[in-house]
Amino acid sequence: MSSDVVIAGIGQTPVEEHWKSSLRELALSAIQAAEADAGGLRPQVLFVGNMLAPQLSRQAHLGALIADFCGLVGIEAFTLEASGASGAAALRAGYMAVASEQADVALVVGVEKSSDMVGAAVDEALATAGDSDHESVQGLTPSGQAALLMRRYIYEYDVERAAFAGFPLIAHANGAGNPNAMYRKAIKPELYANASLISDPLNIFDAAPAADGAAALILTRPGLLPPNFPNRLVRIAGSSMATDTLALHDRPNPLDFKAIRQSIERACEKARITPLQVDFFELFDAYSIYAALTLEAAGYAERGQAWKLAQNDAAPAALSLQGALPISTMGGLKARGNPGGATGVYQAVEAALQLRCQAGANQLPNPRRALIQALGGPAASVVTHVLEAMD
Amino acid sequence: MEISRHWRLRKQRYGLMGEICPHCEAKLFPPRDICPECGGEAKTLYQFSGKGEVYSYTTIYEPPAGYEENAPYTVALVKLDEGPIVTAQLTDLGEEQVQIGTPVEMVTRRLRQDGDERGMIIYGYKFRPVGLGPH
Ligand SMILES: [Zn+2]
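Counting from 1, residues in each chain are numbered in the order their sequence is written. To read the labels, note that chains go from A and ligands from 1, taken in the order they are written. Confidence filtering applies because this is a predicted model: local features only for residues at pLDDT of at least 70, side-chain atom pairs given and counted only at 80 or more, and all residues used for totals across whole chains, interfaces and linings. Note that the side-chain values use all heavy atoms of the structure and ignore hydrogens as well as water.

1. A short note on the overall build of chain A
When its secondary structure is counted, chain A shows 12 helices and 11 strands. This radius of gyration counts C-alpha atoms alone. The globule rule is 2.2 Å times how many residues there are, raised to the power 0.38. Whereas a compact globule of 391 residues would reach a radius of gyration of roughly 21 Å, chain A reaches 19 Å, a difference of no more than 12%. Taking all 391 residues of chain A together, 64% fall into the buried category. A sequence separation of at least 24 residues applies to 77% of the contacts in chain A between residues at least 6 apart. Note on areas: Shrake-Rupley, 1.4 Å probe, and residue coverage restricted to the protein chains presented here. In the structure as shown, chain A presents an accessible area of about 13700 Å², 51% of it carried by carbon and sulfur atoms. Asp and Glu are treated as the negative residues and Lys and Arg as the positive ones, with His and the ends of the chain left uncounted. The atom standing in for a charge is NZ when the residue is Lys, CZ when it is Arg, CG when it is Asp and CD when it is Glu. Side chains of chain A give 28 positive and 39 negative charges; the mean places of these two sets differ by 4 Å. Helix and strand definitions follow DSSP, with helices as H or I runs of at least four residues and strands as E runs of at least two, each counted in order from the N terminus. Buried residues are those whose accessible area, probed at 1.4 Å on protein chains only, stays under 20% of the maximum for their type, while exposed residues exceed 50% and partly exposed ones sit between those limits. Here, two residues are considered to be in contact whenever any of their heavy atoms come within 4.5 Å of each other.

So this is what it looks like as structure tokens:
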């Protein structure tokens, strides 16, 4: 039986195009905020989540770089890369280090600086997350993959393209209450209906915007916390990772995000709960179709039905802040922005804010338990955590 | 420049050469050496017919570097008659409206041109609607 691991400190930068800040400066800013929040705990190990720095900033070896720049020279440091799940993979590594008592205090930072390049260069870098020999070589991009799934979903389940509007509407409504979000304004259904296409049938509101940002966490065991620790304690009750085939075409049913189901089952089993026993779900809405496929793979909706949970009819949507299973409570990837390898750490920071009751305008009524999940590619890598308020 | 890498892939790229599992007879494309159906070793070559139908498709308006000159272009998931699905560009579309279920066949076309001065051109499979003559 491994020890409890708690989140002692959280920090984040706003998500936007940080023209004036470098990768290392963004990381430092989030780390300093997390260190201050943790009351002076010093980490012995650093796990960095990042996906694009070697290509877009010509900078690999981020463990040593960030330890050095943040005044932590000498500590153990690594980079974790699992495409969009990189930050969540770094969190899982930090959890394992502290739970196994290989370290007493772990620092997890997710950082992405995608605005160092623009246009085709960024699309080329993003496409390296697919199968280079059999997908990317054909000119397929991550948005293209999502579009292929969306078109097939519409065909198989006979739904309207407009059915997907509910997901970005919820995300943008929630982003309005998050001071760190890239977009802080609700949108209307007409805006979705008239939006321009990225990769048909996928439009610009179906895809989360790539952005820069850094988020950090300090993890420890409860007995090691500084005296009079001021925040409500949040523990990592479950942690898991699962993989699926890298290429979408190698799956018997591409609309079945199987690794999502496996990863949630494993994380919930460790937390000794069922997926129905969570108060909210920070899911990976890089694309609105991914939100739908996630909810279906997780068992929250029947196949072809998840979009119904996002519709505001007579009552607020089930997935809205007022609903039974709020998602993307601080705007999700869609409105907070998608800072690549940092996203999984943002999700944990935001869930911790909810569980500490520090989520401001978007605060849920005294939530006890969160499910958070990040995807690499079309759920080829899936990292899931269950976070729980301890008192 | 990655000449040796693309040379290694030439049989599958130009000829749609895959594998068949000697244990469970699953047909595999792209070749992958370990059968995903039964876990056995699968290295027996198998020639795919190059016929199939469109499983899904999309148009790429924001191409990655190396693909700008063709954009916008159509990428599909093609379900081969033998079972596997492959990712491939659709070509020679003319006025024809592609749909899910449209029958297609393999052709060899230029996939990309590397941006540097030596400009290596990569050829490989694409698919076109059947019933069209040679172009
Ligand atoms: Zn077999």
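2. Things to note about the coordination of the zinc ion
Residue and element names in this part refer to chain B. As a rule, N, O and S atoms within 2.8 Å of a metal are its donors, except that Na, K and Ca use 3.2 Å; water is not among the atoms, so sites may look incomplete. Within the protein, the zinc ion binds to Cys21 (SG), Cys24 (SG), Cys35 (SG) and Cys38 (SG); these donor distances fall in the range 2.3 Å. Within one chain, the residues serving as donors to the zinc ion are arranged as C-x2-C-x10-C-x2-C. A residue pair is termed long-range when its members are at least 10 positions apart, and Cys21 in the loop between strand S1 (17–20) and strand S2 (27–28) and Cys38 in the loop between S2 and strand S3 (44–47) qualify at 17 residues. The class of Cys38 is partly exposed, set by a relative accessible area of 41%.

3. Points about the packing of aromatic side chains
What characterises a pair of aromatic rings is the spacing of the ring centres plus the angle enclosed by the ring planes. The aromatic pairing rule takes the rings of Phe, Tyr and Trp, using the six-membered ring of Trp, and pairs them if the centres are within 6.5 Å, calling planes under 30 degrees apart stacked, those over 60 edge-to-face and the rest tilted. Here the structure, examined in full by the defined rule, presents 11 aromatic pairs over all chains. Each ring, one from B:Phe29 and one from B:Phe48, has its centre 5.8 Å from the other, and the planes form 70°; the classification is edge-to-face. In this pair, B:Phe29 sits in the loop between S2 and S3 while B:Phe48 sits in the loop between S3 and strand S4 (51–60), placing the two residues 19 residues apart along the sequence. B:Phe48 shares its class with B:Phe29; the two are buried. Each residue in the set B:Phe29, B:Tyr46, B:Phe48, B:Tyr125 and B:Phe127 is aromatic and connected to the rest through ring pairs, giving one cluster. For the cation-ring pair, A:Arg24 lies above A:Phe69, with the distance from its terminal atom to the ring centre recorded as 5.8 Å. The rule for a charge over a ring is simple: NZ of Lys or CZ of Arg within 6 Å of the ring centre, and within 35 degrees of the ring normal.

4. What about the pairing of strand S11 (residues 381–389) of chain A?
Residues and elements named next belong to chain A. Counting buried positions over the nine residues of S11 gives nine, a clear majority of the element. In S11, alternate side chains face the same way, and those of Ser381, Val383, His385, Leu387 and Ala389 on one face and Val382, Thr384, Val386 and Glu388 on the other are all buried. Paired strands, in this sense, are two strands between which DSSP finds at least two bridges. In this structure, strand S8 (residues 234–243) lies alongside S11, joined through nine bridges in antiparallel fashion. Within the sheet, the bridge partner assigned to Gly238 lies in S11 and is Val386. Of the strand pairs in this sheet, strand S10 (residues 369–376) and S11 are connected by eight bridges, and their pairing is antiparallel. Residue pairing for S11: Ile372 is matched across the bridge by His385.

5. Some words on empty space enclosed by the protein
Residues and elements named next belong to chain A. Both site types are read off a 1 Å grid over the protein atoms alone. A 1.4 Å probe that fits but cannot get out defines a cavity, while an open set with protein on both sides within 12 Å along at least five of seven lines defines a pocket; lining residues have an atom within 4 Å of a point. Grid points are joined across faces, edges and corners, and a volume is the space filled by probe spheres set on the points. What the rule picks out here adds up to two cavities of 30 Å³ or more. The volume enclosed by the largest cavity comes to roughly 40 Å³. Forming the boundary of the largest cavity are Phe167, Pro168, Phe205, Asp206, Asp285, Tyr287, Ser288 and Lys334. Here the term charged refers only to Asp, Glu, Lys and Arg, the term nonpolar to Ala, Val, Leu, Ile, Met, Phe, Trp, Tyr, Cys and Pro, and the term polar to all other amino acids, Gly among them. Class assignment of the residues belonging to the lining of the largest cavity gives a composition of four nonpolar, one polar and three charged. Reported here for the second largest cavity is a volume of approximately 30 Å³. If you go around the second largest cavity, the residues you meet are Phe167, Ile170, Ala171, Leu283, Asp285, Ala291, Ile327 and Ser328. Ranked by residues supplied to the lining of the second largest cavity, first place goes to helix H7 (residues 166–175) with three residues.

6. Focus on the interface of chain A and chain B
Counting from both sides, the interface comprises 28 residues of chain A and, opposite them, 35 residues of chain B. Where chain A abuts chain B, roughly 2900 Å² becomes buried across the two surfaces, and 53% of that area is made up of carbon and sulfur atoms. As used here, buried area is the combined drop in accessible area, with a 1.4 Å probe, of two parts when they are placed together. Three residues stand out in chain A for area buried against chain B, namely A:Gln138, A:Leu148 and A:His249, and they jointly supply 24% of the buried area on that side. A carboxyl oxygen of Asp or Glu within 4 Å of a side-chain nitrogen of Lys or Arg is what we treat as a salt bridge. Connecting chain A to chain B are one salt bridge. Here B:Arg32 ties to A:Asp250 by a salt bridge, and the two come within 3.2 Å at their closest N and O atoms. Whenever two N or O atoms come within 3.5 Å, that pair is a polar contact, provided that in protein one can donate a hydrogen and the other can accept it, and provided that, for residues adjacent in sequence, both atoms are side-chain atoms. Remark: the boundary between chain A and chain B carries 18 residue pairs in polar contact (both at pLDDT 80 or more). Contributing elements (two or more residues each) for the side of chain A that touches chain B: helix H5 (120–127), helix H6 (142–157) and strand S5 (197–199) of chain A. When residues of the side of chain A that touches chain B are assigned to their parent elements, the largest contribution, seven residues, is made by H6(A). When the residues that make up the side of chain A that touches chain B are grouped by side-chain class, the tally is nine nonpolar, 10 polar and nine charged.

7. Some remarks on helix H9 (residues 258–271) of chain A
All names here are of chain A. For H9, with 14 residues, the first-to-last C-alpha span of 20 Å sits near the 20 Å given by 1.5 Å per residue. When we look at burial in H9, the residues that qualify are Ala259, Ile260, Ser263, Ile264, Ala267, Cys268 and Ala271. Projected down its long axis, H9 carries its buried residues within an arc of 155°, all on one side. In the core, the buried residues of H9 are packed alongside S8, strand S9 (280–282), helix H10 (288–297), S10 and S11. One or two positions beyond H9, positive phi appears at Arg272, with a value near 55°. By this rule, a helix spans an expected 1.5 Å times one less than how many residues it contains. Arc definition: directions from the helix axis to the C-beta atoms.

8. Things to note about the pairing of strand S6 (residues 85–90) of chain B
Residue and element names in this part refer to chain B. The buried fraction of S6 amounts to six of the six residues, a majority that puts the element mostly inside the structure. Note that strand S5 (residues 73–80) and S6 share six bridges and pair antiparallel. Bridge pairing links Val78 to Val86 in S6. Counting the residues in the hairpin turn of S5 and S6 gives four residues, including Gly83, whose phi is positive at 125°.

9. Considering the sheet that holds S2(B)
All names here are of chain B. The antiparallel open sheet is built from three strands, whose spatial order is S2-S1-S3. At either end of the open sheet lies a strand with only one pairing partner, and these are S2 and S3. As defined by bridge partners, S1 adjoins S2 across two bridges and the pair is classed as antiparallel. Counterpart to Glu19 in the pairing with S2 is Leu28.

10. Overview of the sheet that holds strand S1 (residues 6–12) of chain A
Residue and element names in this part refer to chain A. Strand order in the open sheet formed by nine strands is S3-S2-S4-S7-S1-S8-S11-S10-S9, with mixed pairing between adjacent strands. Where the open sheet ends on each side, the last strands, each with one partner, are strand S3 (76–80) and S9. Shown here is a sheet whose adjacent strand axes are inclined to one another by a mean of 25°, direction ignored. Of the strands in this sheet, S8, S9, S10 and S11 are in contact with H9, which crosses S8 at around 150°. Only the contacting stretch of a helix is used when fitting its axis, a line to C-alpha atoms as for every element, and angles between N-to-C directions run 0 to 180 degrees.

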